[in-house]
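Okay, here's what each chain looks like letter by letter:
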Amino acid sequence: MLIFDSRNKAYKSKISAIATDEKCKFRIIIPRDCRCSRAVLAIAKEGDGESMVYYDMFWAGMCGSDREYWELHFSATTAGLYFYHFELDTPWGKGFVKNIGAGKGDFTVEGSDFQQTVYDKNFKTPDFLKGGIIYQIFPDRFYNSGTKKKDVPSVRVIREWGEEPYWREEDMNGIWNNDFFGGDLKGIEEKLPYIADLGVNCIYINPIFEAHSNHRYDTADYEKIDPLAGCEDDLKNLCKTAKEKYGISVILDGVFSHTGCDSKYFNMYNRYNNLGAYNSRQSPYFSWYKFIDYPNDYHAWWGIKLLPEIIEEDESYREYICGKNGILRKWLRCGISGWRLDVADELPDIFLDDLRKAVKAEDENAIIIGEVWEDATNKFAYGERRRYLLGNQLDSVMNYPFADAVLNFVRFGNGEFFFDSVMNIVENYPPQVLNVLMNHIGTHDTERAITRLAGPNNEGRGRHWQNEHNKLSEYDYLKGISMMKMASLIQFTLPGVPSIYYGDEIGMQGMKDPFNRACMQWDNMNEELLKWYQRLGQIRRGSKAFKDGEMIPVFCSGSAIAYKRENAKNAVLVAVNNGENKTDIYVGEEWDNSYCHFDYESENGIITLPPHRYTMLSK
């Protein structure tokens with residue numbers, strides 16, 4: 001029996017972050033022969049001088065004949081990160097109970113302190129995303145409506161739909177990412193029935209504002225839709241049709257840490273008829289940028305001179321983006337339902353604070369999702385601990401820890417690592433954040449999920465190598481389809497909101513950028529996988545447990561796992577055997593006679609699964 005387990009309600013009443021003034025019960029179970037005369041919770045709030053505060057625990061009775069309970073209720077009045085351990089007075093001196101890994105506490109002085117996140121009790125996240133499904137679209141490559149485009153710069157190379165994206169430097173004539181395929185907003189609107197059939201209730205669109213690269217992360221004008229993508233009315237029509245006819249919300253990508261050098265704000269190439277920061281120190285945008293030796297030496301995003309960095313603390317920039325008539329509110333008034341923030345960890349607190357105030361003042365139900373690749377509760381960026389999820393900044397983040405947990409489990413089959421990764425996030429995040437996490441297994445920044453699962457490791461490999469290995473063999477592709485089914489089943493049943501990167505649902509392959517950004521293969525779909533995703537969407541929409549159900553591990557042995565999602569209305573159990581041998585998974589007799597979504601039921605509390613098979617039960 002453990003002395004403490006922060007992920008078990010027998011020891012800790014809240015397996016999550018807690019609100020200010022919310023009580024959480026802590027319990028330790030100590031061997032009687034320790035002869036403990038006093039037990040305390042030693043806890044410190046980060047940023048308060050790191051000084052420990054000691055709270056006496058009370059003796060709460062025997063646990064069997066040889067152990068005893070010590071307990072207390074803890075609450076905090078201010079939001080922040082708290083770190084704690086337990087200390088005991090014994091005849092042999094002071095004993096310390098610390099984290100030895102996976103939330104387990106034991107006698108040690110070498111272990112780490114446990115983390116307790118405390119968020120503002122007034123913190124709410126939008127309801128519309130809870131229990132839903134996100135569909136991510138890279139707009140230039142999703143669907144071309146055929147609408148004639150106006151005012152398209154002549155330097156852009158317009159390609160035939162389905163051709164391989166340029167990846168050789170000689171193809172681009174020295175101008176990177178200048179090949180376009182003409183996917184547009186009207187094209188997305190035309191494909192709304194297809195998206196709705198997947199059970200989607202939110203579309204996330206990569207940047208659509210005027211920019212001169214196909215990815216559009218080099219914003220040229222925040223106030224205009226890029227002419228190849230359409231116009232402002234196209235966005236309004238898309239949002240209106242999606243919401244009213246299909247119940248689908250639309251969120252946009254906000255790129256606020258940098259602009260393009262070829263923009264009306266910087267204007268290096270004098271494309272725009274105004275004074276950019278590069279043109280004159282008298283430019284209204286001059287104070288936005290970090291010049292070292294004016295005008296040619298300046299700070300750029302990751303050193304890429306095409307992307308000059310913004311000083312987000314600049315008051316005029318914050319007013320331009322976050323003001324009453326700023327960029328955030330302008331596009332919310334066009335019908336969008338929120339923002340995904342590119343490189344949110346590179347945006348300072350003062351900017352994120354203003355951003356949240358602006359978005360919520362315009363629409364309190366709009367969502368703010370940040371790109372953060374690590375645990376967002378304890379992220380360090382630019383020398384300080386960030387406070388994204390304490391109540392005054394983000395609603396959600398892109399959940400890379402879950403993505404890694406799912407993909408690594410399906411590829412390598414380590415159940416303990418999977419549960420540790422998942423429960424670490426469950427334990428640290430506010431529950432209202434957990435329910436709206438963007439749970440992807442692939443995005444425009446990663447290789448395609450099927451390629452990562454069934455293809456060779458591409459770390460450290462250049463584009464020539466990636467191009468040579470961009471297509472799986474027939475055997476590996478079929479294996480990858482099976483692995484995608486397992487991965488998506490887990491993805492769709494974990495806390496948060498599954499996010500489908502366009503084309504993953506039809507088995508599209510691809511190494512990293514630009515191979516992962518190919519045109520949607522409308523005439524080359526893997527129908528088996530597509531039907532699988534449609535079925536997962538139906539199952540998800542039919543179960544209330546996926547909206548806010550608790551995540552409870554049930555079984556873990558080698559490559560076999562089982563967990564349940566449970567709330568007051570219903571419960572769902574998922575069991576997976578990713579090993580090479582048939583496995584009996586004990587889940588308890590309460591799951592006998594449950595509704596079985598797939599092929600394997602519980603009998604006498606046991607689910608017997610063949611190798612690389614899975615099942616889902618509901619009750």
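None of these values were measured; they are calculated from a predicted model.

(A) Looking closely at helix H13 (residues 527-541). Between its first and last C-alpha, H13 extends 21 Å over 15 residues, near the 21 Å set by a 1.5 Å rise per residue. If you check which residues of H13 are buried, you get Leu 529, Leu 530, Trp 532, Tyr 533, Leu 536, Gly 537, Ile 539 and Arg 540. Buried residues in H13 make contact with helix H2 (192-197), helix H12 (474-493), strand E27 (497-501), helix H14 (545-548) and strand E35 (613-618).

(B) Focus on the packing of aromatic side chains. For the structure on display, the rule yields 53 aromatic pairs. Between the aromatic rings of Phe 4 and Phe 26, the centroid separation amounts to 6.4 Å while the plane-to-plane angle is 25°, which identifies the pairing as stacked. Taken as a pair, Phe 4 in strand E1 (residues 4-5) and Phe 26 in strand E3 (residues 24-31) lie far apart in primary sequence, 22 residues in all. When its relative accessible area of 0% is taken as the criterion, Phe 26 is described as buried. Centroid distance Phe 492 to Tyr 533: 5.9 Å. Interplanar angle 75°. Geometry classified as edge-to-face. In this pair, Phe 492 is assigned in helix H12 and Tyr 533 in helix H13, connecting sequence segments 41 residues apart. The buried category is assigned to Tyr 533, whose relative accessible area is 1%.

(C) How the structure looks around the side chain of Asp 375. Structurally, Asp 375 can be placed in the loop between strand E22 (367-370) and strand E23 (380-381). Buried and without a salt bridge, Asp 375 has Arg 385 as its closest oppositely charged side chain, separated by 8.1 Å. Only 2.6 Å separates the side chain of Asp 375 from the side chain of Thr 377, close enough to count as a polar contact. Side chain to side chain, Asp 375 and Asn 428 meet in a polar contact 2.8 Å long. Setting aside chain neighbours within four positions, we find Asp 375 in contact with Pro 401, Asn 424, Ile 425, Asn 428 and Tyr 429.

(D) Just a nonpolar patch on the surface, in detail. A cluster of nonpolar residues, Tyr 269, Trp 302, Ile 304 and Leu 306, forms a patch on the protein surface that exposes about 480 Å² of accessible area. Mapped onto the secondary structure, Leu 306 falls in the loop between strand E20 (297-298) and helix H4 (315-322).

(E) Geometry of the sheet that holds strand E7 (residues 67-74). Taken in spatial order, the 3 strands make up an open sheet running E3-E7-E6, and their pairing is antiparallel. Each having just a single partner strand, E3 and strand E6 (58-63) make up the two edges of the open sheet. In this sheet, adjacent strand axes meet at a mean angle of 30° when their direction is disregarded. For E6 and E7, the ladder comprises 4 bridges, and the chain directions are antiparallel. Residue pairing for E7: Cys 63 is matched across the bridge by Arg 67.

(F) Structural context of the sheet that holds strand E31 (residues 583-586). The strand order across the open sheet built from 3 strands is E31-E34-E33, with neighbouring strands paired in antiparallel fashion. Edge positions in the sheet fall to E31 and strand E33 (602-603), since each has one partner strand and no second.

What counts and what doesn't
Residues numbered from 1 in each chain as written. Predicted model: local features only at pLDDT ≥ 70, side-chain atom pairs only at ≥ 80, totals over all residues. Heavy atoms only, no water. Helix = DSSP H or I, 4+ residues; strand = E, 2+ residues; numbered from the N terminus. Expected span 1.5 Å × (residues − 1). Buried < 20%, exposed > 50% of the residue type's maximum accessible area, 1.4 Å probe, protein only. Contact = heavy atoms within 4.5 Å. Phe/Tyr/Trp six-rings, centres within 6.5 Å; stacked < 30°, edge-to-face > 60°. Lys, Arg positive; Asp, Glu negative; His and termini not counted. Salt bridge = Lys/Arg side-chain N within 4 Å of Asp/Glu carboxyl O. Polar contact = N/O pair within 3.5 Å; in protein donor to acceptor, adjacent residues only side chain to side chain. Patch = residues over 30% accessible without salt bridge, like charges linked within 9 Å, V, L, I, M, F, W, Y side chains within 5 Å. Areas by Shrake-Rupley, 256 points an atom, 1.4 Å probe, with all protein chains shown as cover. Pairing = 2+ DSSP bridges. Axes fitted to C-alpha atoms, helices over the stretch in contact; angles between N-to-C directions.

Any link to function would need more than the numbers given here.
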